[in-house]
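Listed below are the residues making up each chain.
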Amino acid sequence: MALTQHHPRRFGTLRYVYPVISRRSGGLSLGVNLSPTGLCNFACVYCQILAEGNHTNGHEKPKSLLVPMDILEAELRQLISSANDGTLFEQSVFSTVPMEKRILKDIAFSGDGEPTLSPQFAQTVQLLADVRKELCAESVKIVLITNASTLHLAPVRAALDFMLQNNGEIWAKLDAGTAGFYRTVSRSPVPFQTICSNLVNFTQELPVVIQTCFLSLHGRGPSTREVWEYTECLKKLGKVQYVQIYTVARHTPEEWALPLENEQLDEIAEAVRQQTGLDVRTF
């Protein structure tokens, strides 16, 4: 299996930080898991974590929402150092990575749930900024991968203000153009209007990268109407750096949730470009 299709969130004996070769980052990304208990307010039909049943590679699943910061910091420093000196790529799982991909691109909040739901999110943003400044090249980003459900909360907003000042980038999810499609794909109690309002209000002042997964549901891709409604949502946003449109790359929890063909994805991306004028990238 290609490394871009295999993103285990445990690496050796490490529990909270893990390396992946990321399609969307274009190289090495270090994931930070603030949600080892699986805390999330979405249950997406394409979610790798749900497909694995929150599989923890034989380790007992943590019971506390709190992550020991000293251990997280030690793991982060260990992986950054091994990426910098190349020893990470001496390990068999990474030994076939092309040289041009052996570059640390970012440190990303991802993991087993929604990172901003963690009570330690702001504290960890500060920690990552400090370690990045000490050990990483200036080009290395701090990335938040978020479902956008908490962007309206003052503590989250303050943490993101600080993160953006430290070469941060926010990848915010928008997987639908209508409430019905959103309920089918995201299966969240958070109203679709809340997600839309959060993105509209947030992007009036701060930039985001929009991250969208389109897929085949019961043998059918998103309708022309759904894609049009999606582009209408995008038009309401302010500062959008670019749009990532991708499809399923790993196992899903539902057998009827499958990847689109490349041609279908390209057609959607071109429609979005023409209707919005945004930079759209497919993966």
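Placed above this text is the structure.
The following paragraphs examine the structure supplied in this document. (Residues numbered from 1 in each chain as written. Predicted model: local features only at pLDDT ≥ 70, side-chain atom pairs only at ≥ 80, totals over all residues. Heavy atoms only, no water.)

1. What to know about the packing of aromatic side chains
The final tally for this structure, using the stated rule, is 5 aromatic pairs. Considering the side-chain rings of Tyr-182 and Phe-192, the 5.2 Å spacing of their centres and the 40° angle between planes classify their relative orientation as tilted. Of this pair, Tyr-182 sits in helix 5 (residues 179-186) while Phe-192 sits in helix 6 (residues 192-202); the two residues are 10 residues apart in sequence, bridging distant segments of the chain. When sorted by exposure, Tyr-182 lands in the same class as Phe-192, which is buried. For the ring pair Phe-214 and Tyr-230, a centre distance of 5.2 Å and an interplane angle of 80° mean the geometry is edge-to-face. With Phe-214 in the loop between strand 6 (208-213) and strand 7 (216-217) and Tyr-230 in helix 7 (residues 224-235), this pair connects stretches of sequence that are 16 residues apart. Grouping residues by exposure puts Phe-214 and Tyr-230 together as buried. An aromatic cluster is built from Phe-42, Tyr-182 and Phe-192, whose rings are joined through pairwise contacts. Of note, Arg-24 hangs over the ring of Tyr-246, and the distance from its end group to the ring centre comes to 4.1 Å. The ring of Tyr-242 is capped by Arg-281, whose NZ or CZ atom sits 3.7 Å from the centre of that ring. (Phe/Tyr/Trp six-rings, centres within 6.5 Å; stacked < 30°, edge-to-face > 60°. Helix = DSSP H or I, 4+ residues; strand = E, 2+ residues; numbered from the N terminus. Buried < 20%, exposed > 50% of the residue type's maximum accessible area, 1.4 Å probe, protein only. Lys NZ or Arg CZ within 6 Å of the ring centre and 35° of its normal.)

2. A short note on the packing of helix 3 (residues 121-135) against helix 4 (residues 154-164)
Contact geometry of helix 3 with helix 4 gives a least axis separation of 9 Å together with a crossing angle of 10°. Compared by their axis directions, helix 3 and helix 4 come out roughly parallel. Where helix 3 approaches helix 4, its residues Phe-121, Ala-122, Val-125, Gln-126 and Ala-129 are matched on the opposing element by Ala-159, Leu-160, Phe-162 and Met-163. Here the contact of helix 3 with helix 4 is built from residues that sort into 8 nonpolar, 1 polar and no charged. (Axes fitted to C-alpha atoms, helices over the stretch in contact; angles between N-to-C directions. Parallel < 35°, antiparallel > 145°, perpendicular 65-115°, else oblique. Contact = heavy atoms within 4.5 Å. Nonpolar A, V, L, I, M, F, W, Y, C, P; charged D, E, K, R; others polar.)

3. Side note on the nonpolar core
Counting residues in each nonpolar core, the largest one holds 85 residues, and the members touching the most others are Phe-109 and Ile-210. Discounting chain neighbours no more than four positions away, the residues touching Phe-109 are Val-32, Leu-34, Pro-115, Phe-121, Thr-124, Val-125, Leu-128, Ile-142, Val-143, Leu-144, Ile-145 and Met-163. Listed in part, the 5 residues of the second largest apolar core include Ala-108, Val-143, Trp-171 and Val-209. (Core = buried A, V, L, I, M, F, W, Y, C linked by side-chain atoms within 4.5 Å.)

4. Re the side chain of Gln-211
Turning to its location among the elements, Gln-211 is positioned in strand 6. Engagement of the side chain of Gln-211 in a polar contact is seen with the side chain of Gln-244, the distance being 3.4 Å. Excluding residues within four positions of it along the chain, Gln-211 makes contact with Arg-24, Ile-145, Trp-171, Ala-172, Lys-173, Leu-174, Asp-175, Gln-244 and Tyr-246. (Polar contact = N/O pair within 3.5 Å; in protein donor to acceptor, adjacent residues only side chain to side chain.)

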